[in-house]
Amino acid sequence: MSVLVIQGTDDPLVPYAGGGILRNRGKVVSTDDTLQLWRENNGCFAEPENGMLPDLYLRDGCQVEWKRWAGCAAGTEVKLLRAVGGGHTWPGGKPYLPAMIVGKVCRDFDATETIWIFFQQHSRPKAQ
């Protein structure tokens, strides 16, 4: 199964590096460990392609790095959009709480459009 991970490095609720979720509401593994799990599951053994998205909105305090592991088993891929400086928000969306609570909204891409395109590219074959 192809996987797209979008994560802000400054997410105060679900930390990029793993650890406690919203103080005492459980724990989460790091984003890097999550990606490693999916790469192993999908047989992604090649080095990733990587780069930066254009910094379209200089005042948002965010830049987006991407990594893509392609050529995995059954044509799958694993992709990361790492919003450096981004919080627990929807990239390209409206803030739902103040930045002091959830962090900054990254405006360099639209998460809705990005996710839709990813699903279109990696849809499952229809059952016959």
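These remarks concern the structure in this document. Remember, predicted model here, so these are calculated numbers, not experimental data.

1. Remarks on the pattern of salt bridges
Thinking step 1. Across all of its chains, the model carries 3 salt bridges by this definition.
Thinking step 2. A salt bridge links Arg68 to Glu77; the shortest N-O distance between them is 3.0 Å.
Thinking step 3. Judged by its relative accessible area of 26%, Arg68 falls in the partly exposed class.
Thinking step 4. One connected set of salt bridges, linked through shared partners, spans Glu49, Arg68 and Glu77.

2. Brief notes about the nonpolar core
Thinking step 1. Of all hydrophobic cores here, the largest spans 9 residues; its members are Val3, Val5, Tyr16, Leu35, Cys44, Trp69, Cys72, Val78 and Leu80.
Thinking step 2. The set of elements that each furnish at least two residues to this core consists of strand S1 (3-8) and strand S6 (78-84).
Thinking step 3. In this structure, Trp69 is in contact with Leu35, Arg39, Cys44, Ala46, Glu47, Pro48, Thr76, Glu77 and Val78, ignoring residues within four places of it in sequence.
Thinking step 4. With 7 residues, the next largest nonpolar core counts Cys62, Leu81, Cys106 and Ala111 among its residues.

Rules used in this analysis
Residues numbered from 1 in each chain as written. Predicted model: local features only at pLDDT ≥ 70, side-chain atom pairs only at ≥ 80, totals over all residues. Heavy atoms only, no water. Salt bridge = Lys/Arg side-chain N within 4 Å of Asp/Glu carboxyl O. Buried < 20%, exposed > 50% of the residue type's maximum accessible area, 1.4 Å probe, protein only. Core = buried A, V, L, I, M, F, W, Y, C linked by side-chain atoms within 4.5 Å. Helix = DSSP H or I, 4+ residues; strand = E, 2+ residues; numbered from the N terminus. Contact = heavy atoms within 4.5 Å.

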